[in-house]
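# What the coordinates show
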Amino acid sequence: MYHLRRITIAVLVISIVVFLLTFLPRVLNPVPPSKEKQEADQRWISTSPHWLDRQACRWLSLCGLLHLKKDPPAKPKNRDDGGRRHELRSILGGDEAASASKRGGSDNKGQLRGIPDYVLTYAPLVHLYSQEFFWPSDIADHMNHVVPALEDDEWTFNETRAMDLSNLYNLSVELGFQHLDSKDDVESRPRWLHSKINKPIAFSDGDEDGEHNQDSGRNPLFGEDTTWFDVDREHPLHRISDPRKLPGGVPEHHQLARRSRTIRSREQHRLMSQSAQDAQNRPDESGYSRAPVTLILVDKGSGVVDAFWFFFYAYNLGQTVLGTRYGNHVGDWEHAMIRFESGVPRAVYFSEHEGGQAYAWQAVEKRGNVTELQRPVIYSAVGSHAMYATPGNHAYVLPFGMLKDVTDRGPLWDPSKNLRGYWYDYTTTKDDEGLEPVKENPNAPTNWFHYKGTWGDKLYGLNDARQWRLFGQYHYVTGPQGPKFKNLGREKVCLNWKCRLIHSIAEGKKGSWHS
């Protein structure tokens, strides 16, 4: 009886292990792999020089066990600066710092459109994590630290063939590369990965007590009287309620637009008055970062405009599970989108890993009160830079909070202080057309936008000592593509077709992008 019990326990343990090894990788990957990805995975496993490693990877989902080691955010006594420091772009409306940035701009400078006032009026504010190690980066500076993923003899490094934002797409078509390799070993943590000089200047606006405007439910003033949440040029705006006028004789969307203009006018008057009265008021550059963000404006027709705020980081530091880190990659694009109807903000989208969440405008936290300017607040997670509507812990994929992002009220970044702005026509059919700079920065390069590849290293193979994969989760992954490939022409607010509009912070905490 004793031996039978031991055998039963052993069989049960083996069965549990087999079950976990079989189904855990599927659970950890909410997007089922295609046949092409499965074939690519087999090729990746074959990169291991060790037979035992290949078999453990195929049958037990344990790949590169000999490579396992600690992966701290920063390396001690790091003296490598990864190259000289560069002067970055000036504040909005200034000249580009480098002549290379002036090439590739629009030829129709007299016909360029400007940034609508309401886009900057309701621009988001981003709380970066207080103990962040990898700060915002400038994509122009990023070009100085990467090279096309080609054979060594296919690329010459000289001034006549330098790669920059004005020729990135053209070079990728000419030479056929789809990835950008780091010049430095990223595990040496060169300074350009950290981008510490781009840490936002301290932001102080008299709200030190942490009191913020944060509505918890629907606001009848912002009722869904039109199909603003599902619109593009082929699917114009429709009314979904009685179009007759509200009390006062003004249609609701006109009333909202008038209220928006009134708030902007009041805020501008308030700032001018304060500036005249108090020379010690908030400095002009509070919340300013040397790394410009990318603002992409998309006209969806029917008075609907989507303002995409893209934030770039040179490095994404993955999260840890049981002391093991997963998900590192070079080049990290995150974004938030604010949808406007007739100049009135309607919703905010927060990108998170492979998805994101969409909130109704009245639901998100804002700085300011009902009589002043109200700007939405975004919380950026440490390392991954995923964007959330609240501070705290944000579990995803794994149960029991084993894998989570963490946000807090760290340095406040005002992206409207430094940006490259563009208008994008998503209906264009040519690969290298559709994007034009705004008139505030007519010389901003456009060629980089059409680059189809990733902004960092390709997935490292098992023959690379930096790589491992446990239960389907990689230590290093391939980074994302750029802004053009984030479904800018989307009808719904979300990145993907499946979209649920969240109407309160409490509702948003009940789920995540993959649930």
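All of the points below concern the structure found in this document.

How each quantity is defined
- Residues numbered from 1 in each chain as written.
- Predicted model: local features only at pLDDT ≥ 70, side-chain atom pairs only at ≥ 80, totals over all residues.
- Heavy atoms only, no water.
- Helix = DSSP H or I, 4+ residues; strand = E, 2+ residues; numbered from the N terminus.
- Buried < 20%, exposed > 50% of the residue type's maximum accessible area, 1.4 Å probe, protein only.
- Contact = heavy atoms within 4.5 Å.
- Areas by Shrake-Rupley, 256 points an atom, 1.4 Å probe, with all protein chains shown as cover.
- Disulfide = S-S within 2.5 Å.
- Arc of directions from axis to C-beta.
- Pairing = 2+ DSSP bridges.

## Notes on the overall build of the protein
Secondary structure assignment for the protein yields 10 helices and 22 strands. Per-residue burial over the protein gives 50% buried out of 515 residues. Within the protein, contacts between residues at least 6 apart in sequence are counted, and of these 74% link residues at least 24 apart. Accessible area of the protein: about 25500 Å², with a carbon and sulfur share of 52%.

## Notes on the state of the cysteines
Applying the stated rule across the entire model yields two disulfides. Put simply, Cys 57 and Cys 63 are joined by a disulfide, and their sulfur atoms are 1.9 Å apart. Note on the Cys 57 and Cys 63 pair: the S-S dihedral is about 75 degrees, so by sign convention the disulfide is right-handed. What links to what in the protein: the bonded cysteines, counted in sequence order, pair as 1-2, 3-4.

## What to know about helix α2 (residues 35-45)
The set of residues buried in α2 consists of Asp 41, Trp 44 and Ile 45. The buried residues of α2 all sit within an arc of 95 degrees when viewed along its axis, so they share a single face. Opposite the packed face of α2, turned more than 90 degrees from it, sit the exposed residues Lys 35, Glu 36 and Arg 43. Residues of α2 that are buried sit in contact with α3 (51-60), β1 (62-63), β20 (469-470) and β21 (473-474).

## Quick word on the sheet that holds β20
Pairing between sheet strands relies on hydrogen bonds along the backbone, with the strands arranged either parallel or antiparallel. Taken in spatial order, the three strands of this open sheet run β1-β20-β21, and their pairing is antiparallel. At either margin of the open sheet sits one strand with a lone partner, and together these are β1 and β21. For β20 and β21, the ladder comprises two bridges, and the chain directions are antiparallel. If you follow Arg 469 over to β21, its bridge partner there is Tyr 474.

## Looking at the environment of Val 186
With respect to the helices and strands, Val 186 occurs in the loop between β4 (180-182) and α8 (191-194). We classify Val 186 as buried; its relative accessible area is 0%. Apart from the residues within four sequence positions on either side, Val 186 is in contact with Leu 193, Tyr 315, Val 330, Tyr 460, Arg 466 and Tyr 476.

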